[in-house]
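Breakdown of the fold
Listed below are the residues making up each chain.
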Amino acid sequence: MSHSLFTEASQRFNKALQYVDLSQDAIARLTYPKASLSVSIPVRMDDGTLNVYQGYRVRYDDTRGPTKGGVRFHPHVSLDEVQSLAFWMTFKCAALGLPFGGAKGGITVNPKQLSSSELERLSRGYVNAIADFIGPDVDILAPDVYTNAIIMGWMMEQYSIIRRKSVPSVVTGKPVVMGGSLGRNTATAMGAFYVMNHVLALQGRVPHKTSLAVQGFGNAGAVLAELASKAGYKVVAVSDSKGAIYAAQGLDIPSIRQFKESSRDLKAVYCKGTVCDVVEHDVITNAELLELDVDVLAPAALENQITVENADRIQARYIFELANGPTTPEADDILDEKGIQVFPDILVNAGGVTVSYFEWVQNRGGFYWTLQDVNQRLHDKMVEETNQILAIAHDSAVSHRTAAYIHALTRLGKAFNAQGLSVEY
Ligand code: NAD
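My aim in this report is to walk through the structure given alongside it, one point at a time.

Here the focus is the site of the ligand. Surveying the vicinity of the ligand reveals 19 residues, the closest of which are Thr-188, Asn-219, Ala-220, Ser-241 and Asn-286. Between Phe-217 and the ligand, the recorded distance is 3.1 Å, taken from a backbone N or O atom to an oxygen atom. Within the backbone of Ser-241, one N or O atom sits 3.0 Å away from an oxygen atom of the ligand. Across the complex, the protein chains shield 70% of the 820 Å² of accessible surface that the ligand would expose by itself. Residue assignment for the shell around the ligand shows that the elements contributing at least two residues are α7 (219-230) and β7 (234-240).

Relative to each other, helix α4 (residues 116-130) and helix α5 (residues 149-163) sit at 45°, their axes nearing to 9 Å. Classified by the angle between their axes, α4 and α5 sit oblique to one another. Read as a crossing pair, α4 and α5 show a hand that is right-handed. Residues Ser-116, Leu-119, Glu-120, Ser-123, Arg-124, Tyr-126, Val-127 and Asn-128 of α4 form the contact with α5, whose participating residues are Ile-151, Trp-154, Met-155, Glu-157, Gln-158, Tyr-159, Ile-161 and Ile-162. Considered class by class, the residues forming the contact of α4 with α5 number nine nonpolar, four polar and three charged.

Time to look at the environment of Glu-330. Along the chain, Glu-330 falls in helix α11 (residues 329-337). Filtering out sequence-adjacent residues up to four positions away, Glu-330 remains in contact with Gln-11 and Val-308.

Analysis parameters
- Residues numbered from 1 in each chain as written.
- Predicted model: local features only at pLDDT ≥ 70, side-chain atom pairs only at ≥ 80, totals over all residues.
- Heavy atoms only, no water.
- Near = heavy atom within 4 Å.
- Polar contact = N/O pair within 3.5 Å; in protein donor to acceptor, adjacent residues only side chain to side chain.
- Areas by Shrake-Rupley, 256 points an atom, 1.4 Å probe, with all protein chains shown as cover.
- Helix = DSSP H or I, 4+ residues; strand = E, 2+ residues; numbered from the N terminus.
- Axes fitted to C-alpha atoms, helices over the stretch in contact; angles between N-to-C directions.
- Parallel < 35°, antiparallel > 145°, perpendicular 65-115°, else oblique.
- Left-handed = near helix turned anticlockwise from the far one by under 90°.
- Contact = heavy atoms within 4.5 Å.
- Nonpolar A, V, L, I, M, F, W, Y, C, P; charged D, E, K, R; others polar.

Below you can see the structure in the form of structure tokens.
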């Protein structure tokens, strides 16, 4: 994953460079991360033994503000992967105009093998190890793969213990009772929905005449499917790691979500229970879902789903990327030739980091917003940045993806120039 993300981000960065007047100094500085930290985290296990885990934190670039990025717990985490994801975050924050640079962190661990108390000791141990490297004005943590609000709460509290004062703004994605923002858990899908709805409306499409297939029925995909279905879109197919279901007349998404949450398995809705009664459906494969004749395809599962192997068979008119890196650069060229409009991950899935920014602002101000405030500001931000990216794509006759990178690089370039010629380190 790391290699593909880094290669992809680099290829797209290089493609956008020809449209942006970026100084050689800026290019040179973006070639290397600002700082990388590797730590070992000793954890006392429940049976009394001691395990030592490897952890990392990379701050890629802080020219536009303190760095920001998630913490991943996964057996495949490596310094290389964390560095790639920190590079990617630098562009995402710049594309959205958030006053942050990019960072990422992680621990090489299979968290499913740990008890809850072991997981807590690991999370607190990680913060002990990186405490001098992070801070609300330096580097801010957030959830990522296999980390969640509970873990963010432990990390925030541990940092506060070390500093001997409450420091909620060092971590976002916390439980609401610890200073988390309302709307943070649905922010990625909500942001994607705002982008999709805005783009389709601009092109004269009405929801009830627009069909949608969603790959991945997790935090991002299931919430998008439900928002779209409530807004009148015809969600004709959804999938999870076990398979996909399809109904030309549209699926009953709220019932499927209920089933999925009670059974933890989309397969449970295939042949039994009320969903099958509500609407007829076919069982299809994930590969077939991607190639359906639909208006909109929303990949919301994994990277590298649309590749040279299947790009030619994609029939959707629009693709909105909720997953990170679902389309390979080679597939991009094929989709472009076919006239399929691809709206890229660094815009479409940036609702999560945008509401993380709102959380940081609320923590620092000590004044908390209503859910309506959060969603209204998220809507305005997503629409504003989408409009700017649409204008760049139009004016420079480039894809929306290249336009998003041009947008990000232009902001980064201006920040590098504003810093002047000095090299302070
Ligand atoms: P999640 O773990 O909640 O859900 C992932 C879903 O994808 C699950 O339903 C899983 O069964 C399904 N899946 C796994 N393999 C699949 C396959 N081969 N085919 C079809 N479905 C498959 O994860 P999430 O948080 O929803 O994240 C999904 C994607 O969105 C990831 O790429 C993630 O990086 C990206 N993303 C998520 C957020 C967020 O806030 N959740 C923010 C930015 C980007």
